[in-house]
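# Fold and contact review
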Amino acid sequence: MIRLPDASGGVREYTPRPARPLAPVGGALTSRTVFSAAHVVADPYADTTPDGPAAVDWDATLAFRRHLWSHGLGVAEAMDTAQRGMGLDWAGAAELIRRSAAEAKAVGGRIACGVGTDQLIGPATLLTVRKAYEEQLALVEEVGAQPILMASRALAAVAEGPDDYLDTYAHLLRQSAEPVILHWLGPMFDPALDGYWGSADLDKATDTFLEVIAAHPDKVDGIKVSLLDAGREIDLRRRLPEGVRCYTGDDFHYPELIAGDEQGFSHALLGIFDPLGPLAAEAVRSLDTGDVKGFRELLDPTVELSRHLFETPTRFYKTGVVLLAWLAGHQAHFAMVGGLQSARSLPHLARAYELADRLGLFPDPERAESRMRSLLTVYGVER
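Here goes a summary of the coordinates provided. (Residues numbered from 1 in each chain as written. Predicted model: local features only at pLDDT ≥ 70, side-chain atom pairs only at ≥ 80, totals over all residues. Heavy atoms only, no water.)

Let's shift gears to the packing of helix H5 (residues 162–175) against helix H6 (residues 202–215). Two numbers describe how H5 lies on H6: the axes approach to 10 Å, and their chain directions differ by 25°. Between H5 and H6, the angle is such that the two are roughly parallel. Once H5 is placed against H6, the crossing between them reads as right-handed. Side by side, H5 and H6 meet where Pro162, Leu166, Tyr169 and Leu173 of the first sit next to Thr208, Glu211 and Val212 of the second. Here the residues of the contact of H5 with H6 are counted per class, giving 5 nonpolar, 1 polar and 1 charged. (Axes fitted to C-alpha atoms, helices over the stretch in contact; angles between N-to-C directions. Helix = DSSP H or I, 4+ residues; strand = E, 2+ residues; numbered from the N terminus. Parallel < 35°, antiparallel > 145°, perpendicular 65-115°, else oblique. Left-handed = near helix turned anticlockwise from the far one by under 90°. Contact = heavy atoms within 4.5 Å. Nonpolar A, V, L, I, M, F, W, Y, C, P; charged D, E, K, R; others polar.)

This next bit is on the pairing of strand E9 (residues 245–248). Here strand E8 (residues 220–226) pairs with E9 via 4 bridges, running parallel. Within the sheet, the bridge partner assigned to Gly222 lies in E9 and is Arg245. The β-α-β motif built from E8, the intervening helix H7 (residues 230–238) and the parallel element E9 has right-handed crossover chirality. Relative to strand E10 (residues 267–270), E9 runs parallel, the two sharing 2 bridges. Bridge pairing links Tyr247 to His267 in E10. Taking the sense of rotation as the criterion, the β-α-β connection linking E9, helix H8 (residues 254–259) and E10 turns out right-handed. (Pairing = 2+ DSSP bridges. Right-handed = clockwise from strand over helix to strand, strands pointing away.)

In this structure the tally under the stated criterion is 2 cavities of 30 Å³ or more. By volume, the largest cavity is sized at about 110 Å³. Listing elements by their share of the lining of the largest cavity, those giving two or more residues are strand E7 (180–185), E8 and E10. For the lining of the largest cavity, the residue count by class is 8 nonpolar, 5 polar and 3 charged. (1 Å grid on protein atoms, 1.4 Å probe; cavity = no way out; pocket = protein on both sides within 12 Å on 5 of 7 lines; lining within 4 Å. Points joined across faces, edges and corners; volume = space filled by probe spheres on them.)

A separate point is helix H12 (residues 317–327). Burial runs high along H12: 11 of the 11 residues are buried. Along H12, the residues classified as buried are Tyr317, Lys318, Thr319, Gly320, Val321, Val322, Leu323, Leu324, Ala325, Trp326 and Leu327. For H12, the elements touching its buried residues are helix H11 (303–309), helix H13 (346–358) and helix H14 (365–378). Count one or two residues on from H12 and you reach Gly329, which has phi positive near 90°. (Buried < 20%, exposed > 50% of the residue type's maximum accessible area, 1.4 Å probe, protein only.)

As a further point, take the side chain of Gln146. Mapped onto the fold, Gln146 is located in strand E6 (residues 146–149). Dropping the residues within four chain positions of it, Gln146 is found in contact with Phe35, Arg110, Ile111, Ala112, Cys113, Val140, Pro179, Ile181 and Asp221.

Turning our attention to unusual backbone geometry. Put simply, Thr312 and Pro313 share a cis peptide bond, and its omega is -5°. Mapped onto the elements, Pro313 comes out in the loop between H11 and H12. Its identity as a non-glycine residue notwithstanding, Ala78 has a phi of 55°, on the positive side. Positionally, Ala78 belongs in the loop between strand E4 (74–77) and helix H2 (90–107). In this structure Ala78 comes out as buried when scored by relative accessible area, which is 0%. Despite not being glycine, Leu228 shows a phi value in the positive range, around 55°. Positionally, Leu228 belongs in the loop between E8 and H7. On the basis of relative accessibility, which here comes to 16%, the residue Leu228 falls in the buried class.

If you roll a probe as big as a water molecule over the atoms, it shows you where there is empty space left. If you add up the space inside the largest pocket, you get close to 610 Å³. In this structure, the largest pocket is lined by 28 residues; those nearest its centre are Gly85, Thr117, Asp118, Arg153 and Asp190. Mapped onto the lining of the largest pocket, the elements with two or more residues apiece are helix H4 (153–158) and E7. For the lining of the largest pocket, the element with the most residues is H4, which contributes 3 residues. In this structure, the second largest pocket encloses a volume near 300 Å³. Forming the boundary of the second largest pocket are 21 residues, of which His67, Pro275, Pro278, Leu361 and Pro363 lie nearest the centre. If you list the elements that add at least two residues to the lining of the second largest pocket, you get helix H1 (58–70), helix H9 (277–288) and H12. Counting residues per element, the lining of the second largest pocket draws most heavily on H9, at 3 residues.

Once that is clear, we can look at helix H3 (residues 126–142). An ideal rise of 1.5 Å per residue puts 24 Å on 17 residues; H3 measures up with 24 Å between its terminal C-alpha atoms. Of the residues making up H3, those classed as buried are Val129, Ala132, Tyr133, Gln136, Leu137, Leu139 and Val140. Angularly, the buried residues of H3 cover 160° about the axis, an arc narrow enough to put them on a single face. In H3, the exposed positions that point more than 90 degrees away from the buried face belong to Lys131 and Glu142. In this fold, the buried residues of H3 make contact with H2, strand E5 (111–115), E6, H4 and H5. At the exit of H3 stands Gly144, carrying a positive phi of roughly 85°. (Expected span 1.5 Å × (residues − 1). Arc of directions from axis to C-beta.)

Structure below.
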């Protein structure tokens, strides 16, 4: 029994459940391409500040990626879940890309890496945005990873309309040696990206996005859509050129989007597949055999946890992700780069623990309970 605080200001008793049988490790998934956007593990002994350079525990960070690869998942590296632009600067992201790509090569894991413009400091121009993208694209290609062209805060700030997006992305796609994944990250994840693709009207923005793809379909492996709008993703998915994949980034509706319908389905590139890695892989293996019902039975119950972690303000979902990694034993502490372990309330964290425990996500429930108790004690919750 553990006493958990709730949003009303009270404390209630909760009885942890036994662990569910662990999903076995396995080879690559076949029916869907699935990436987990992975978090970074901070170095808790580093003497730094929230706005100082990120101090990363490289051993623990790479060990977590090996955990994901062992279950057949791909790793989406240096993305939003890795606190890109929220504690992890470009210098840290570049080192992360180099180390993870080398590790992927060593173990045979699939990896795709974020390409952005976050090395820019101060006012930007379209030319400096383009050069920043080119610098990061060159690094990702040099290490042999698949590029993910991420949405750029700097581009959103300087672009005057759709044409600036069309020109910038056309230049980058011509530069890319291999097909890339284009990432549309909505303002719920990053308010600075409001009006991306040149319009706050999502229908107009979608038309521009599709125009980019239609002009260079041979250079676009797929798109990652993170708008938390299942209907819009399905409509966009159906309008893609033949051979261009849709990778859902919708952490609210992923089971139905991955399962798909008679007109198609989404692959996945999801932050929620960081804590759900083994369970997500087990579910997709059901799809590999054509068992859609089994897939939904495994994954549908996880949506409540995902919606909780990604509740407004959505950009702080990483705090819950790292909490669960600590409780599950993937790291020895609950510390984050940028000090973001303080970004969610204690009732929010307590609810995340409860929902994850109900799903059987903790390999060692007793250790998870003990660690949660230690966090509660720090906050003054009496046993």
